[in-house]
Amino acid sequence: MSAPNTATTQATATTEATTATEATTATPAPPRVLEARTLVELLQEHGHGPFTGVPCSFLGPVISCLEAEHPQEYVIAANEGEAVALAAGAHLAGRRPVVILQNSGLGNTVNPLTSLCHTLRLPVLLLVTWRGRPGHTDEPQHELMGRITPDLLTAMGVRNEVLPDDPALLAQRLEAAAAHMAATGLPFAFIVPKGAIAPYGAPAAGRSTAPRPHLMKRAEAIGHIVSAMDPHTLLVATTGKTARELERDRDRPENLYVVGSMGCASSVALGVAMYAPHRRVAVLDGDGAALMRLEAMATIGRRRDTDLCHILLDNESYESTGGQPTASAGVDFGAIAEACGYRATHDVADADALRAAVLSAQRDGGAQLVRVRIAPGSDPNLGRPALAPPASAARFKEAIAR
């Protein structure tokens, strides 16, 4: 008999089993977790690979394992839709690929899953994390997607279930998933709850762990940027630690904290700059975010006369999900910006050059890129934004109108 078709059914069964166990023992057993190496080995034993996707801390141990032990089998993707398309190509070449993604990026996969994989019958195996799972505390940007993740997968024709925590059961479910994909030509998804994968201790091969003391950290760079800006500048901050550090250190009504929708901050800032031309506008972007929505630079370049200072804080990592590397080390963002039509570009790595670049960009106006090379790392006690997202947006709108 096959397993239930949705994660909700399996989650209910798990809850009932846990309740029964607790009724017969005074001290509930801790939840079981899979070792990252066990999961990778089981996937490979069942013929799955290569792996591609965008990091999530829930699956960070799996990515670390792949980077350390199977680097040739892991491809960093800039966004989740790209990862699905890459996997579709790998399937055409005779492989059985696995796509790793955070459910907050599930929306990026809708088009390739429905109009590529479904249309051409190209099955790929998905590992989708379950941020915002109902009944579990999480950030506000994950609430809606967490609630609809199983149903959204089902609506796209992607059979799904919660990742089993028992290796023997997982082996059985991998066989069932493979049989389903072979019979239907459609993708299959395992939904991965928080804490399902145990930490992986070995350092990732090829990932630099050496400190870069000559580079500023992000919080310091943000301080220099805000100090150098016109104090009335409208400032949009990308999701993750950038928005959190800006709010903690430099909160003001002219700040907008984009706590979700990774990669969209620069486009939000362009929309503000185009339709509030009486105000200076800047955006604090990140390397992972910029790569996820690289097309935004083409649109900004087409609007080169719009007063937008695009500041790209580049630490070559997805720091908010565990420091997995981005592809930014090999990307010349300045050349891309110039090719897209930006008026000017700046590439800086120290405080004096950063302040000079921001002053120059605001003085000369138009679309300008300031790439700031920074060191990874942040305050381990950095909190979440205190201001609720709707309140941040409402306050920002009032600041624009003044």
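Below: a short report on this structure. (Residues numbered from 1 in each chain as written. Predicted model: local features only at pLDDT ≥ 70, side-chain atom pairs only at ≥ 80, totals over all residues. Heavy atoms only, no water.)

### Remarks on the nonpolar core
Turning to step 1, where the next piece is worked out: The biggest cluster of nonpolar side chains holds 29 residues, and the ones touching the most others in it are Val62, Leu125, Leu127 and Ile197.
Turning to step 2, where the next piece is worked out: At the level of secondary structure, the elements contributing two or more residues to this core comprise helix 2 (36-45), helix 3 (60-69), strand 3 (98-101), strand 4 (125-129), helix 7 (167-184) and strand 6 (188-192).
Turning to step 3, where the next piece is worked out: Sequence-distant contacts of Leu127, that is, excluding residues within four places in its chain, are made with Leu39, Leu43, Leu59, Val98, Val99, Ile100, Leu101, Phe190 and Val192. (Core = buried A, V, L, I, M, F, W, Y, C linked by side-chain atoms within 4.5 Å. Buried < 20%, exposed > 50% of the residue type's maximum accessible area, 1.4 Å probe, protein only. Helix = DSSP H or I, 4+ residues; strand = E, 2+ residues; numbered from the N terminus. Contact = heavy atoms within 4.5 Å.)

### Regarding helix 14 (residues 351-364)
Turning to step 1, where the next piece is worked out: The end-to-end C-alpha distance of helix 14, which contains 14 residues, comes to 20 Å, matching closely the 20 Å that a straight helix rising 1.5 Å per residue would cover.
Turning to step 2, where the next piece is worked out: Here helix 14 has its buried residues at Ala351, Leu354, Ala357, Val358, Ser360, Ala361 and Gln362.
Turning to step 3, where the next piece is worked out: Buried residues along helix 14 sit against helix 8 (218-228), strand 10 (308-314), strand 13 (344-348) and strand 14 (367-373).
Turning to step 4, where the next piece is worked out: The opening residue of helix 14 is Asp350, an N-cap whose side-chain oxygen sits 3.1 Å from the backbone nitrogen of Asp352. (Expected span 1.5 Å × (residues − 1). Polar contact = N/O pair within 3.5 Å; in protein donor to acceptor, adjacent residues only side chain to side chain.)

### Re the side chain of Thr242
Turning to step 1, where the next piece is worked out: Here Thr242 is to be found in helix 9 (residues 241-250).
Turning to step 2, where the next piece is worked out: What makes Thr242 buried here is its relative accessible area of 6%.
Turning to step 3, where the next piece is worked out: Those residues in contact with Thr242 that lie beyond four places of it in its chain are Arg218, Ile222, Ala237, Leu284 and Leu313.

### Remarks on the environment of Glu82
Turning to step 1, where the next piece is worked out: By the secondary structure assignment, Glu82 is in helix 4 (residues 80-92).
Turning to step 2, where the next piece is worked out: Glu82 sits 27 residues away from Thr109 along the chain, and the two C-alpha atoms are 8.0 Å apart.

### Here's the deal with the packing of aromatic side chains
Turning to step 1, where the next piece is worked out: Enumeration according to the criterion identifies 1 aromatic pair in this entry.
Turning to step 2, where the next piece is worked out: Across from the ring centre of Phe58, 4.5 Å away, lies the NZ or CZ of Arg131, which sits over that ring. (Phe/Tyr/Trp six-rings, centres within 6.5 Å; stacked < 30°, edge-to-face > 60°. Lys NZ or Arg CZ within 6 Å of the ring centre and 35° of its normal.)

### What about the pattern of salt bridges?
Turning to step 1, where the next piece is worked out: Taken as a whole and judged by the stated rule, the model has 20 salt bridges.
Turning to step 2, where the next piece is worked out: With a shortest N-O distance of 3.1 Å, Arg147 and Glu143 are connected by a salt bridge. With Arg147 and Glu143 both in helix 6 (residues 143-155), this residue pair falls 4 residues apart, about one helical turn.
Turning to step 3, where the next piece is worked out: We classify Arg147 as partly exposed; its relative accessible area is 46%.
Turning to step 4, where the next piece is worked out: Here Glu143 falls in the partly exposed class, since its relative accessible area comes to 43%.
Turning to step 5, where the next piece is worked out: Between Glu295 and Arg293 there is a salt bridge, with its nearest N and O atoms 3.7 Å apart.
Turning to step 6, where the next piece is worked out: Taking relative accessible area as the criterion, Glu295 reaches 46% and is therefore assigned partly exposed.
Turning to step 7, where the next piece is worked out: Assessed through its relative accessible area of 27%, Arg293 is described here as partly exposed. (Salt bridge = Lys/Arg side-chain N within 4 Å of Asp/Glu carboxyl O.)

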